[in-house]
Amino acid sequence: MESTTGASASPVLEARHIKRHFGAVVALADASMTLYPREVVGLVGDNGAGKSTLLKILSGILAPSDGEIAIDGKPVTLRRAQDAMDAGIETVYQDLALVDTMSAYQNVYLGREQLSKNPIARLFNLVDDREMRARAREVLDSLKVKVPSINVSVKGMSGGQRQCLAIARALLWGRRIVILDEPTAALGVRETGQVLEVIAGLREQDVSVIIVSHNMQQLMTVADRITVMRLGRSIATRTVKQTDVSEIVGLITGAVPGDSPEARAAQQIPA
Ligand SMILES: Nc1ncnc2c1ncn2[C@@H]1O[C@H](COP(=O)(O)OP(=O)(O)OP(=O)(O)O)[C@@H](O)[C@H]1O
Ligand SMILES: [Mg+2]
């Protein structure tokens, strides 16, 4: 996949030396990552490496104990999820948080129902159903997401349809960055293909993506670069074109040394 990322482009997101501990537990010892415009970065690492913790920090759910985050080169403090959303960052969590009894379009607007333009209706806080339906339809179409109907409850939808819907919601609101934590973990082959297509579609819409996945083969097809985390540290970043699954797996397990001085020291490899 041809990356549109030029070396001269400045990063849309930069996380530098992020640390986070929970009491005595060090979840993140020193994690850094960079995301360029229209880039898909895969974040990989063993269970407990700190991936979800880093994603939560980037989505304002958790505060870092130390480190800096910059969006478009400007330092930001993400105190709550709303701060990240205001900055154009949307996150799709593993559990998705779709409301079963609501329809597809209602789920796309969950929590941010559009107020009606009619001043009388506004008084009563009524939402502009027609506009919400139209916009939801537009976003789903633009991503080629096929759902049986945007008007019926999502309860009967397949895992893939639900996942695509959650991603569509993220796209509608995530103007700059969409963060996906294991979006295909629970999906079948066909559904996974559908989700990967949607992710590729995000790039076309000028959105950058961070995706956590344990499926290396899949990341190789969808990502431009891969950042490897190990024991709370980002130890290496590789361009997909210049690496392969065995190197990435080696970095994850520690069989291949990382790039940081600490990683090399830990494995007694001279710099
Ligand atoms: N709220 C918390 N309280 C205490 N420890 C936590 C908390 N959240 C995460 N941790 C710890 O921090 C470390 C990193 O966890 P994290 O969930 O970020 O890993 P991960 O890379 O997402 O793993 P997985 O691939 O299993 O999802 C783990 O040791 C975990 O037990
Ligand atoms: Mg996780």
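Rules of the game
- Residues numbered from 1 in each chain as written.
- Chains lettered and ligands numbered in written order.
- Predicted model: local features only at pLDDT ≥ 70, side-chain atom pairs only at ≥ 80, totals over all residues.
- Heavy atoms only, no water.
- Helix = DSSP H or I, 4+ residues; strand = E, 2+ residues; numbered from the N terminus.
- Buried < 20%, exposed > 50% of the residue type's maximum accessible area, 1.4 Å probe, protein only.
- Salt bridge = Lys/Arg side-chain N within 4 Å of Asp/Glu carboxyl O.
- Core = buried A, V, L, I, M, F, W, Y, C linked by side-chain atoms within 4.5 Å.
- Contact = heavy atoms within 4.5 Å.
- Pairing = 2+ DSSP bridges.
- Right-handed = clockwise from strand over helix to strand, strands pointing away.

> Would you take a moment to explain unusual backbone geometry for this structure?
Residues apart from glycine generally show negative phi values, whereas peptide bonds are mostly found in trans. Even without being glycine, H17 reaches a positive phi, approximately 50 degrees. Of note, H17 is situated in strand β1 (residues 13–22). Residues other than glycine seldom take positive phi values, yet D72 does so here, at roughly 50 degrees. Relative to the elements of secondary structure, D72 occurs in the loop between β4 (66–71) and β5 (74–76). The class of D72 is partly exposed, set by a relative accessible area of 39%.

> Hey, could you run me through the pattern of salt bridges in this one?
Where charged atoms from two side chains of opposite charge approach closely, those side chains can pair. The full count for this structure, using the stated rule, is ten salt bridges. Between E14 and R16 there is a salt bridge, and its shortest N-O distance comes to 3.0 Å. R16 sits in the partly exposed class, given a relative accessible area of 29%. Residue R38 is joined to E204 by a salt bridge in which the shortest nitrogen-to-oxygen separation is 3.9 Å. Within this pair, whereas R38 is found in the loop between β2 (25–35) and β3 (40–45), its partner E204 is found in helix α7 (residues 189–204), the two being separated by 166 residues in sequence. The network of salt bridges with shared partners includes E14, R16 and E68.

> Got a minute to help me understand the nonpolar core in this structure?
General note: in soluble globular proteins, nonpolar side chains tend to be found buried as a group. In terms of nonpolar packing, the biggest core is built from 48 residues, with I199, I226 and I248 touching the most fellow members. The element contributing the most residues to this core is helix α6 (residues 159–173), with eight residues. Setting aside residues no more than four positions away along its own chain, I248 makes contact with V44, M216, M220, I226, V228, R238 and T243. Counting 26 residues, the second-largest nonpolar core is a separate cluster that includes A49, L78, I210 and M229.

> Would you mind showing me how to read the pairing of strand β7 (residues 177–181) here?
Two faces belong to every sheet, and in a regular strand the side chains alternate between them. Counting buried positions over the five residues of β7 gives five, a clear majority of the element. Residues I177, I179 and D181 of β7 are buried on one face, and the alternating residues V178 and L180, pointing to the opposite face, are buried as well. Relative to strand β8 (residues 208–212), β7 runs parallel, the two being bridged by five bridges. Of the residues in β8, the one forming a bridge with I179 is I210. Handedness of the crossover joining β7 and β8 through α7: right-handed.

Geometric descriptors of this kind do not, in isolation, establish any biological role.
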